[in-house]
Amino acid sequence: MTRVAVLVSGSGTNLQALIDATAQHEHPVHIAVVVCNRPGAPAIGRAQAAGIPVEVRSHRAFADRASYDQELVRTLEPYGVDWICCAGFMRILGPTLISAYDGHILNIHPSILPSFPGLNAQAQALAAGVRITGCTVHIVDAGVDTGQIVAQGVVPVHTNDTEDTLTARLLKMEHRAYTTVLRWVGDGTLQPGGQVAEGTVCSWSDV
Ligand code: GAR
């Protein structure tokens, strides 16, 4: 069975969707560990409720990005995971971790990349006045939200949207996209590096 680590920082709704989905897959993936960089984050309770081991590693306890990166590699090593899913993990991964799991690290981002990378993607979309936005599941590489795109979902931006209403609409699409990609991880549709079999439907629209 494919073994996955999920990296989180916050509320963990994507983590919850992944947990709920793994039980239903024909080729199930096993979430072997959840790693969280924020002590007290609600995502921790979600993992515990599902009986998944949680490793809390605050980046604040480490002098620099490189030493935190090495700590993440050390933390994950005993769990023998094949893939890593960043699910609202608000840290940039460093070269040590990326090379240790080369092409096997996924992230979800709340925009249609390459538009609106980095922080506050929903606010960026509202400020730009776009009428549609969405989410992207992509492979993590050395850049910020630049890796191979795996799947994308589109949602409308309404004229009366706030960051909160747009975020809520996006999260529903994020859960749909990420659970689908996790199924592809389990059944081999997704190849390391982000390629998917020809004919696979990789985009969805609520517009
Ligand atoms: C999600 O909207 C995710 O796309 C975003 O953080 C949120 C986490 O929500 N990630 C990024 O912005 C990464 N750049 P969740 O904790 O409820 O899953």
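**A few points about the overall build of the protein**
Inference 1: Along the backbone of the protein there are six helices and eight strands.
Inference 2: When the helices and strands of the protein are placed in sequence order, the string is β-α-β-α-β-α-β-α-β-α-β-β-α-β.
Inference 3: On C-alpha atoms alone, the protein measures out to a radius of gyration of 16 Å, which is about the 17 Å that the 2.2 N^0.38 rule sets for 207 residues.
Inference 4: If one aligns the C-alpha atoms of the protein with their principal axes, the spans along those axes are about 50 × 40 × 35 Å.
Inference 5: Burial analysis of the protein (207 residues in total) assigns 48% to the buried set.
Inference 6: Taking contacts inside the protein between residues at least 6 apart in sequence as the whole, the part at least 24 apart equals 64%.
Inference 7: For the protein, the computed accessible surface area is about 9,500 Å², with 51% contributed by carbon and sulfur atoms.

**A look at helix α1 (residues 13-22)**
Inference 1: Along α1, seven of the ten residues are buried, which leaves the element largely enclosed by surrounding structure.
Inference 2: Taken residue by residue, α1 has Asn14, Leu15, Ala17, Leu18, Ile19, Ala21 and Thr22 as its buried positions.
Inference 3: Looking at the packing, one finds that the buried side of α1 touches β1 (2-8), β2 (29-36), α2 (42-49), β4 (83-86), β5 (105-109) and α6 (163-187).

**Side note on the nonpolar core**
Inference 1: With 41 residues, the main nonpolar core has Val6 and Leu106 as its most contacted residues.
Inference 2: Membership of the second largest hydrophobic core comes to 19 residues, among which are Leu7, Leu76, Leu97 and Ile105.

**Here we look at the site of the ligand**
Inference 1: Near the ligand you find Ser11, Gly12, Thr13, Asn14, Gly88, Met90, Ile108, His109, Pro110, Leu171 and Glu174, and these make up its full shell.
Inference 2: With respect to the ligand, the side chain of Glu174 contributes an N or O atom lying 2.7 Å from an oxygen atom.
Inference 3: When the free accessible area of the ligand is taken as 450 Å², the share hidden by the protein chains comes to 86%.
Inference 4: Taken together, the elements giving at least two residues each to the shell around the ligand come down to α1, β5 and α6.
Inference 5: Class assignment of the residues belonging to the shell around the ligand gives a composition of four nonpolar, six polar and one charged.

**Focus on the sheet that holds strand β7 (residues 149-156)**
Inference 1: Here eight strands make up an open sheet; going across it, the order is β3-β2-β1-β4-β5-β6-β7-β8 and the pairing mixed. With partners counted over all chains shown, the strands left at the sheet margins are β3 (54-56) and β8 (203-205), one partner each. The mean inter-strand angle of the sheet, taken between neighbouring strand axes irrespective of direction, is 15°.
Inference 2: One ladder, built from four bridges, connects β5 with strand β6 (residues 132-139); its direction is antiparallel. Considered in β6, the bridge of Ile108 is made with Val137.
Inference 3: Here helix α3 (residues 65-76) sits on the sheet and contacts β1, β2, β3 and β4; the angle it forms with β2, its principal contact strand, is near 145°.

**Overview of the packing of aromatic side chains**
Inference 1: Taken as a whole and assessed by the stated rule, the structure comprises two aromatic pairs.
Inference 2: Here the aromatic rings of Phe62 and Tyr68 are separated by 5.5 Å at their centres, their planes lie at 55°, and the arrangement is tilted.
Inference 3: Residue classification places Tyr68 among the buried positions, given a relative accessible area of 4%.

**A look at the pairing of β1**
Inference 1: Counting buried positions along β1 gives six out of seven residues, so the element sits mostly inside the fold.
Inference 2: Across seven bridges, the pairing between β1 and β2 is parallel. Across the sheet, the residue bridging to Val6 is Val34, located in β2.
Inference 3: Handedness of the crossover is the feature at issue here: the chain leaves β1, passes through α1, returns alongside β2, and the resulting connection is right-handed.
Inference 4: One ladder, built from four bridges, connects β1 with β4; its direction is parallel. Counted as the bridge partner of Val6 is Cys85 from β4.

What counts as what
- Residues numbered from 1 in each chain as written.
- Predicted model: local features only at pLDDT ≥ 70, side-chain atom pairs only at ≥ 80, totals over all residues.
- Heavy atoms only, no water.
- Helix = DSSP H or I, 4+ residues; strand = E, 2+ residues; numbered from the N terminus.
- Rg over C-alpha atoms; globule rule 2.2 N^0.38 Å.
- Buried < 20%, exposed > 50% of the residue type's maximum accessible area, 1.4 Å probe, protein only.
- Contact = heavy atoms within 4.5 Å.
- Areas by Shrake-Rupley, 256 points an atom, 1.4 Å probe, with all protein chains shown as cover.
- Core = buried A, V, L, I, M, F, W, Y, C linked by side-chain atoms within 4.5 Å.
- Near = heavy atom within 4 Å.
- Polar contact = N/O pair within 3.5 Å; in protein donor to acceptor, adjacent residues only side chain to side chain.
- Nonpolar A, V, L, I, M, F, W, Y, C, P; charged D, E, K, R; others polar.
- Pairing = 2+ DSSP bridges.
- Axes fitted to C-alpha atoms, helices over the stretch in contact; angles between N-to-C directions.
- Phe/Tyr/Trp six-rings, centres within 6.5 Å; stacked < 30°, edge-to-face > 60°.
- Right-handed = clockwise from strand over helix to strand, strands pointing away.

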